[in-house]
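One letter stands for each residue in the lines below.
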2 protein chains.
Amino acid sequence: MDTGTQLQLLIKITVTAWDAQNKYLNSLITELSDEQLQHEIAPGRNTGIYLLGHLIAVSDAMLPLLGFGERLFPALEEVFIKTPDKSGQVMPAVAELKEQLTAVNAALAKHTQSISANEWLSKHSAVSPEDFAKEPHRNKLNVLISRTNHMANHIGQMLLLKEKG
Amino acid sequence: MDTGTQLQLLIKITVTAWDAQNKYLNSLITELSDEQLQHEIAPGRNTGIYLLGHLIAVSDAMLPLLGFGERLFPALEEVFIKTPDKSGQVMPAVAELKEQLTAVNAALAKHTQSISANEWLSKHSAVSPEDFAKEPHRNKLNVLISRTNHMANHIGQMLLLKEKG
């Protein structure tokens, strides 16, 4: 296998790991009732719906960060990133959040499934060209890896919303 | 940047993401008291010490899976992988688990910091040469990615052991 093929393979593995966490999240929120999603993951902690909204807002913000386009639902940032849970903010209904998650994932997938290795290795939009010249690891694939781990972290918490087996 | 350099960069980013989760775990268990680690992450769920032992056992099993050598603490598998929490099993003390974590991470790091791109792209020990020929994504780096996400998932849960801010 030549290095170009190896590079393609590693990118594919990384994108597949991202997709796997998204599938995991989708299957979890399909399994949970709307009422279970309203529950706290543990006493006094974040609710399931807040974490769901938080993950959608973070994924949505990946669109401009990766140069894929504008955010689809910029209003989510205030409610689910800048404001902690249980601050009196008005959240969308679970059904609406599920639609937003589907839309954000579709918008991301259009690019993650098709961009070239060179584009994955190019800088994300929050790093300057000068800094990127010194720190070439601050590329788009690194953002995807970091968001994959962020999602895994919160999925671990949302699993606690399931009934005890 | 030529494709060989790009490949090296992606491998470095992936190993750094693994290291970051391990640092996160280490800093969390340093911050938590031994008593906090004995608590359940949520009512009726796994205890912190069980999840810590589970993560060490899974990391230890990566040594043979990645062809890096024998497991250091094979007895952990029975206690923390094959047996669910609160089954009456005898667990090592927290101090002992912390030493085991350090030892396993050191043994892994010796290899993860030094092996070649070709070795990362070679098959892990749980896949046959025939299957690997058809499914070249089942390589050592893929194991590292999958274990990184597994650790992130459980760290999200162990964070609930911290006092509420």
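Preceding this section is the structure that the text describes.
Residues numbered from 1 in each chain as written. Chains lettered and ligands numbered in written order. Predicted model: local features only at pLDDT ≥ 70, side-chain atom pairs only at ≥ 80, totals over all residues. Heavy atoms only, no water.

## Describing the relation of the copies chain B and chain A
By a simple turn and slide, chain B fits onto chain A: the slide is 0.0 Å along the axis, the RMSD is 0.0 Å, and the turn is 180 degrees. Those values place the two copies in the arrangement expected of a two-fold rotation axis. For chain B, the residue whose C-alpha comes nearest the rotation axis is Asn153 of chain B, separated from it by 2.1 Å. (Least-squares fit on C-alpha atoms with pLDDT ≥ 70 in both.)

## Things to note about the environment of Pro84 of chain A
Residue and element names in this part refer to chain A. Considering the arrangement of structural elements, one finds Pro84 in the loop between helix H4 (76-82) and helix H5 (94-112). Taking C-alpha positions, Pro84 is 8.6 Å from Tyr50, a pair spaced 34 residues apart along the chain. Residues in contact with Pro84, not counting those within four places in the same chain, are Tyr50 and Gln89. (Helix = DSSP H or I, 4+ residues; strand = E, 2+ residues; numbered from the N terminus. Contact = heavy atoms within 4.5 Å.)

## Regarding the packing of aromatic side chains
All names here are of chain A. Summed over the entire model, instances satisfying the criterion amount to 4 aromatic pairs over all chains. Their ring planes at 50 degrees and their centres at 5.8 Å tell us that Tyr50 and Phe80 sit as a pair that is tilted. Taken together, the residues span a long stretch of sequence, with Tyr50 in helix H3 (residues 48-65) and Phe80 in helix H4 at a distance of 30 residues. Of the two residues examined, Tyr50 and Phe80, each falls in the buried class. (Phe/Tyr/Trp six-rings, centres within 6.5 Å; stacked < 30°, edge-to-face > 60°. Buried < 20%, exposed > 50% of the residue type's maximum accessible area, 1.4 Å probe, protein only.)

## Details of empty space enclosed by the protein
Inspection of the entire model under this criterion finds 1 cavity of 30 Å³ or more. In this structure, the largest cavity spans a volume of roughly 100 Å³. If you go around the largest cavity, the residues you meet are Thr14, Ala17, Ile145, Thr148 and Asn149 of chain A together with Thr14, Ala17, Ile145, Thr148 and Asn149 of chain B. Among the elements of the structure, helix H1 (3-31) and helix H8 (140-158) of chain A together with helix H1 (3-31) and helix H8 (140-158) of chain B are those that each provide at least two residues to the lining of the largest cavity. The residue makeup of the lining of the largest cavity, split by class, is 4 nonpolar, 6 polar and no charged. (1 Å grid on protein atoms, 1.4 Å probe; cavity = no way out; pocket = protein on both sides within 12 Å on 5 of 7 lines; lining within 4 Å. Points joined across faces, edges and corners; volume = space filled by probe spheres on them. Nonpolar A, V, L, I, M, F, W, Y, C, P; charged D, E, K, R; others polar.)

## Section: H3 of chain A
All names here are of chain A. With 18 residues, H3 extends 26 Å from end C-alpha to end C-alpha; this agrees with the ideal 26 Å at 1.5 Å per step. Judged by how many residues are buried, H3 sits mostly within the fold: 16 of 18 residues are covered. Trailing H3 by a residue or two, Gly67 shows a phi angle of about 70 degrees, which is positive. (Expected span 1.5 Å × (residues − 1).)

## Here's the deal with the interface of chain B and chain A
Counting residues at the interface gives 38 residues for chain B and 38 residues for chain A. Summed over both sides, the interface between chain B and chain A buries roughly 3,100 Å², with carbon and sulfur atoms accounting for 66% of that surface. Run the count over chain B and chain A and you get 0 salt bridges. Summed over the shared surface of chain B and chain A, the result is 11 residue pairs in polar contact (both at pLDDT 80 or more). Contributing elements (two or more residues each) for the side of chain B that touches chain A: H1 and H8 of chain B. At 12 residues, the largest contribution of residues to the side of chain B that touches chain A is made by H1 of chain B. (Buried area = accessible area lost by both parts, 1.4 Å probe. Salt bridge = Lys/Arg side-chain N within 4 Å of Asp/Glu carboxyl O. Polar contact = N/O pair within 3.5 Å; in protein donor to acceptor, adjacent residues only side chain to side chain.)

All quantities given are derived from atomic positions and should not be read as evidence of function.
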